[in-house]
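# Residue-level structural notes
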Amino acid sequence: MNLPSYFFADLPPEAELTPTMITEACQALKRNREKYLAARSTPSLVNLLGELGAEWRLPDFPYRKLALEQGPALTGFSSATLEHGLDAFFQELTADNLEALLVQELGEGSRLDKFAAAEAESGARRQALARGPELLAHVAAGNLPNPAWMSLVLGVLTRSAQFMKCASGASYLPRLFAHSLYEMDKKLGACLEIAEWRGGNLAVEAALFAEADCVTATGGDAALAEIRSRLPADVRFLGYGHQLSFAYITAAAFAGGRLANTVEQAAVDVAAWDQQGCLSPHVIYVETGGNVMPERFAALLAEALERREAVMPRGTLSPEVAATIASRRSLYEVRSAHAPEDTKHWCSTGSTAWTVVFESDPRFQPSCLNRFIYVKGVKNLTEALQAADPVQGQVSTVGLAAPAAQAAELAPELARWGVSRVCPLGKMQHPPLAWRHDGRPALGDLITWTDLEV
Amino acid sequence: MTDSLYNFAARLREFIAATAGRFGAASPLHAQDEVAFATLALELFALQFAHNPAYRKICEARGVALATVTHWTQIPAVPTAAFKELELTCLAPEQRTAVFHSSGTTEQRPSRHFHCAESLALYETSARGFFNAHYAPELRPLILTPPPEQTPHSSLVHMFEMIRRDRNQPASAFVGALAADGSWVLNLERAQADLAQAICDDTPLLLLGTAFSFVHLLDALAEQNLKFRLPTGSRVMETGGYKGRSRTLPKAELHALISDRLGVPPAHIGCEYGMSELSSQAYDTGKLGEPTYGERSFHFPPWARAQLISPETGRAVAVGETGLIRIVDLANAVSVLAIQTEDLGVRHPGGFKLLGRAQLAESRGCSLMPAA
């Protein structure tokens, strides 16, 4: 199956986009939105997106098949890793979850269609109507497709025309999703554009920003600041900066025969999307003082990653990225030869597929990713948070393995420290549809309210 | 340093004297040189295994014993980063009369490569042997780095000082200086005066410096709208990365600018590849008196070998493929002969093309290195 040329990103790579092309495309998107999308009802869009989510989970769905067949060459993920990631996302894309998201974000599910009161407001003779941006521009980062897919879903809910600019070489999966939407509903598809260019093409980007009402951007902090500086003053900017994540395992998480499962869940989080997302752990903190020492956990995790490699291999790396792993490994090899009580390491043989490094020094260490994980022992969460001090404020997710009562005690401490999401170990790269990205309202940040006092 | 290492150094010097000119298409290495290299390498490995405890520990952790190494390609290589953390030397503390440090303004802890008088002499024999095989002895050096008394721990400056002494030039051939913050700067007035003098005397120059020192010079000349045409026969040799000390230029662009501002054609601009952890250097220009054929590639002297190792599999890569550069350098007699760098290169038939450094440390706030 060949993808038809609906989007700029479908054009051959040598096709160059000009500012005029961008301006004209944006204006066409806005006209199409007015004609085909602005008056659509929320239930119809929710049902359509829910159906699309179900389709993507069918083994024979052509776009899914394409993603799994061509994805490895075009994205660097193995087919099994892609499948795991696709399922994690599309399992969540259901009509029920979308309705719950609308209620969570808007207080009431129909407020994008009409003035309505949330339950808490009903006695106060107030109603409100939510409006989305006319043209929503997305500057998507590379690596993972989930944030790009989610951005597109939210933009459909807000009835926005959408123009997504992908990082160079990273448009394939967003494009497939847009094609599947187009296929399902051509009029809706006509309100979408997907393009790819190398960031920093100022003239083309200026043309896009001049037409947009709201720009979302994912990327490094410097890149976001730079984009923000180029936006017209009346354009709303939603930036999702560089975040990282870690896991925390309490000593009690190993009790009562739970060790094997805890190790397995940790391996799931390290392997998902080859650890490339903001939600993937860099470090796993393991409490000392229980019956499983951090070194032993690290050794078991290495075995689990080896088993996972057999069924869900890591993707192919460029020599540059592999060299980073090889160089780091050789340093830890030297350290473990000289101070084995402080450093131990486990590596896949004949490849860089996975690496586990145990260090007695609890200081947070950013991983070079691609299934390279640090395991560090700490006495308690307080010590772990002290050790992670250099990344305070940049931590998205903490994957927590602890009995429920203990987790309930630890979560407030993590929240006060600044973590924006706490989830069970094994679910780090599997957030619910309605999760608040970087702690911000998912849909709420996109809309503008009109209040009505009656 | 033990008698056995002295003895090794003496024999290596003979090998260097015999083979320094044996490279390139016209006069390749003799078959017996290959055998001699292989023999010397295994012999040196045995000596270092016995006398370098830090190295021995690494070998043993890898399960390598003397008897398991039967070919020089099996000698365990030590990552350059290990020189920051360990004392990788055969010298007892009281024998360490000199130390070379890795450069770079961002390093928390530099590499330390210890030397004694004998190992420095061997370093110079190695450096001189191969440098002189590429650059004519009558060229007058003009050196863009600080002088050795300001940079006693730079192996590069040590080599440049040797070149200066060998060519009977005054200490003023160094036109760089150390700034108060420790960075290397250029005395532009003196550099320009020396360039002008060489043109006036019609004496070909041998301009030596780091890539960033050339950028400093070229930027200053551009600012004054000045161009020199150095006398025919002049040569330029640049080395090293930028290390954040100037704007970064692609190699071809740097060489084009040098040509434009100094009048030295690109064919006469060469690169050196060396580091404080090594005692031999690689060059990417043809042998003295022979043109550089085809695409440039770095080649080490006959007493050192570069291998390109696949970072993915750990095995040597085929010609045309990319790998991490690993060097076996017999002139590293009192430290470790097998060095694993973090530099990526593409394997060429006669050597390698340098691509650049793997990113070992992430820049985000945390360092891989423990606090000093």
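Note: the structure precedes this text.
Residues numbered from 1 in each chain as written. Chains lettered and ligands numbered in written order. Predicted model: local features only at pLDDT ≥ 70, side-chain atom pairs only at ≥ 80, totals over all residues. Heavy atoms only, no water.

### Brief notes about the overall build of chain B
Which entries qualify depends on this criterion: Going along the chain from the N terminus, every DSSP run of H or I of four or more residues is numbered as a helix, and every run of E of two or more is numbered as a strand. Note on exposure labels: buried denotes an accessible area under 20% of the residue type's maximum, exposed denotes more than 50%, and partly exposed covers the range between, all computed with a 1.4 Å probe on protein chains only. Contacts are assigned to residue pairs that have any heavy atoms within 4.5 Å of one another. The protein chains shown are the only cover counted for residues, whose accessible areas, like all others here, come from Shrake-Rupley with a 1.4 Å probe. Counted as positive: Lys and Arg. Counted as negative: Asp and Glu, with His and the chain ends omitted from the count. Positions of charges follow a simple convention, taking NZ of Lys, CZ of Arg, CG of Asp or CD of Glu.
What chain B contains, in helices and strands, is nine helices and 14 strands. Based on the C-alpha atoms only, the size of chain B along its principal axes is roughly 65 × 50 × 40 Å. A total of 372 residues make up chain B; the buried ones form 54% of that total. Sequence-distant contacts in chain B: of pairs separated by 6 or more residues, those separated by 24 or more amount to 68%. As displayed, chain B has an accessible area near 15,100 Å², and 54% of this comes from carbon and sulfur atoms. The average position of the 33 basic charges and that of the 37 acidic charges among the side chains of chain B differ by 2 Å.

### Looking at unusual backbone geometry
Residue and element names in this part refer to chain A. A positive phi angle, close to 65°, is found at Leu369, a residue other than glycine. Here Leu369 is to be found in the loop between β10 (355–359) and β11 (372–378). Taking the relative accessible area as the measure of exposure, Leu369 reaches 18% and is therefore buried. Backbone geometry at Asp438 places phi at a positive 55°, although glycine is not the residue there. Summarising the element assignment, Asp438 is placed in the loop between β13 (421–424) and β14 (448–453).

### Quick notes on helix α1 (residues 3–19) of chain B
Note on helix geometry: an α-helix contains 3.6 residues per turn, so any two residues three or four positions apart are oriented the same way. Filter applied, for reference: One less than the residue count of a helix, multiplied by 1.5 Å, gives the span that helix is expected to have.
Across its 17 residues, α1 of chain B extends 24 Å between first and last C-alpha, which sits within 8% of the 24 Å expected from 1.5 Å per residue. Buried positions along α1 of chain B lie against α2 (31–51) and α5 (117–132) of chain B.

### Some words on the packing of helix α3 (residues 62–75) of chain A against helix α4 (residues 79–90) of chain A
Residues and elements named next belong to chain A. The condition that has to hold: All axes here are fitted lines through C-alpha atoms, helices being fitted over the stretch that makes contact, and every angle between N-to-C directions spans 0 to 180 degrees. Geometric relationships in this document are graded by angle, where less than 35 degrees denotes roughly parallel, more than 145 denotes roughly antiparallel, 65 to 115 denotes roughly perpendicular, and other angles denote oblique. Left-handed describes a crossing in which the near helix is turned anticlockwise from the far one by less than a right angle; the clockwise case is right-handed. In the scheme used here, Gly and all other residues not listed as nonpolar or charged are polar, with Ala, Val, Leu, Ile, Met, Phe, Trp, Tyr, Cys and Pro taken as nonpolar and Asp, Glu, Lys and Arg as charged.
One can describe the packing of α3 onto α4 by two numbers: an axis separation of 9 Å at closest approach and a directional angle of 125°. Considering the angle they form, α3 stands oblique to α4. When the axes of α3 and α4 are compared, the crossing they make is right-handed. Listed contacts from α4 to Arg64, Ala67, Leu68, Gly71, Pro72 and Thr75 of α3 are Ser79, Leu82, Glu83, Leu86 and Asp87. Among the residues forming the contact of α3 with α4, the class breakdown is five nonpolar, three polar and three charged.

### Some words on the interface of chain A and chain B
Formally: The quantity reported as buried area is the accessible area (1.4 Å probe) lost by two parts once they are put together, taken as the sum for both. The salt bridge criterion pairs a side-chain nitrogen of Lys or Arg with a carboxyl oxygen of Asp or Glu, the two atoms within 4 Å. Definition of a polar contact: a pair of N or O atoms within 3.5 Å, with one able to donate and the other able to accept a hydrogen when the atoms are protein atoms, and with sequence-neighbouring residues admitted only if both atoms are side-chain atoms.
In this complex, chain A contributes 33 residues to the contact, which on the side of chain B involves 28 residues. Between chain A and chain B, a total of about 2,600 Å² is buried, with carbon and sulfur atoms accounting for 60% of that surface. Together, Leu331, Val334 and His338 of chain A form the three largest contributors to the area buried by chain A at its contact with chain B, with a combined 21%. On the surface where chain A and chain B come into contact, there are three salt bridges. Arg335 of chain A is paired through a salt bridge with Glu85 of chain B; the nearest N and O atoms lie 2.5 Å apart. For the pair chain A and chain B, the number of links is six residue pairs in polar contact (both at pLDDT 80 or more). By residue number, the principal contributor to the side of chain A that touches chain B is helix α13 (residues 319–338) of chain A, which donates 16 residues.

### Quick look at the sheet that holds strand β4 (residues 192–196) of chain A
All names here are of chain A. Keep this limit in mind: In this description, strands pair whenever DSSP reports at least two bridges between them.
Across the sheet, five strands lie side by side as β4-β3-β2-β5-β6; this open sheet has parallel pairing. Each end of this open sheet is capped by a strand with a single partner; those strands are β4 and β6 (236–240). Shown here is a sheet whose adjacent strand axes are inclined to one another by a mean of 15°, direction ignored. Here strand β2 (residues 135–139) pairs with strand β5 (residues 214–218) via four bridges, running parallel. Residue pairing across strands places Ala137 opposite Val215, the latter belonging to β5. Against the sheet, helix α1 (residues 19–37) contacts β2, β3 (161–166) and β4, and its axis sits at roughly 145° relative to β3.

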